[in-house]
Amino acid sequence: MKQVSLRELHEKTGALVREPGARPRTDQPFKRRRILPAYQEMLDSGALRGGTDSTQIVSEGRDGR
């Protein structure tokens, strides 16, 4: 863990916060995920295809103001 003075923290907060966040992620959770059987059934049946585009819903809501 890096220690900095209050003055340095005040002057370089953004850079100090970005510093530990710049490390590349080594884990890939989506590669090891497990699809639940009920969700897989919905995918296979086509129940999750189509539907209304969320941008259309938002636009219609704004038009009604």
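No experiment lies behind these values; they were computed from the predicted model shown.

Enquirer: Can you walk me through the overall build of the chain in this structure?
Expert: Regarding its fold elements, the chain presents 3 helices and 0 strands. The C-alpha radius of gyration computed for the chain amounts to 23 Å, which surpasses the reference 11 Å derived for 65 residues by more than 25%, pointing to a less compact arrangement than a globule. Counting only C-alpha atoms and orienting by the principal axes, one finds that the chain spans roughly 60 × 45 × 15 Å. Counting across all 65 residues of the chain, residues that qualify as buried make up 3%. Side chains of the chain carry 13 positive and 9 negative charges; the gap between the two charge centres is 8 Å.

Enquirer: Explain helix H2 (residues 37-45) to me, please; I cannot follow it from the model alone.
Expert: In an α-helix, one turn spans 3.6 residues, which is why side chains three or four residues apart end up on the same side. Within H2, only 0 of the 9 residues are buried, which leaves it mostly out in the open. Note on H2: the residue one or two positions beyond its end, Gly 46, has a positive phi of about 85°.

Enquirer: Can you walk me through the environment of Lys 2 in this structure?
Expert: Mapped onto the elements, Lys 2 comes out in the segment before helix H1 (6-21). For the pair Lys 2 and Leu 16, spaced 14 residues apart in sequence, the C-alpha to C-alpha distance is 9.5 Å. Residue contacts for Lys 2: discarding those within four places in its chain leaves Leu 16 and Glu 19.

Enquirer: Help me understand the confidence of the model for the chain, please; the structure alone is not making it clear to me.
Expert: Any segment with low pLDDT has predicted coordinates that should not be analysed in fine detail. Overall, the prediction assigns the chain a mean pLDDT of 85, with 94% of residues at 70 or greater. Taken element by element, the predicted model of the chain shows its lowest mean pLDDT in helix H3 (residues 54-63) (85) and its highest in H2 (91).

Enquirer: Please clarify how the pattern of salt bridges should be interpreted in this entry.
Expert: Oppositely charged side chains can form a pair if their charged atoms are brought close together. Per the stated rule, a full pass over the model turns up 3 salt bridges. A salt bridge links Lys 2 to Glu 19, with the nearest nitrogen and oxygen atoms 3.8 Å apart. Highlighted residues: Lys 2 in the segment before H1 and Glu 19 in helix H1, separated in sequence by 17 residues. A relative accessible area of 51% places Lys 2 in the exposed class.

Calculation notes
Residues numbered from 1 in each chain as written. Predicted model: local features only at pLDDT ≥ 70, side-chain atom pairs only at ≥ 80, totals over all residues. Heavy atoms only, no water. Helix = DSSP H or I, 4+ residues; strand = E, 2+ residues; numbered from the N terminus. Rg over C-alpha atoms; globule rule 2.2 N^0.38 Å. Buried < 20%, exposed > 50% of the residue type's maximum accessible area, 1.4 Å probe, protein only. Lys, Arg positive; Asp, Glu negative; His and termini not counted. Charge placed at Lys NZ, Arg CZ, Asp CG, Glu CD. Contact = heavy atoms within 4.5 Å. pLDDT = per-residue confidence, 0-100. Salt bridge = Lys/Arg side-chain N within 4 Å of Asp/Glu carboxyl O.

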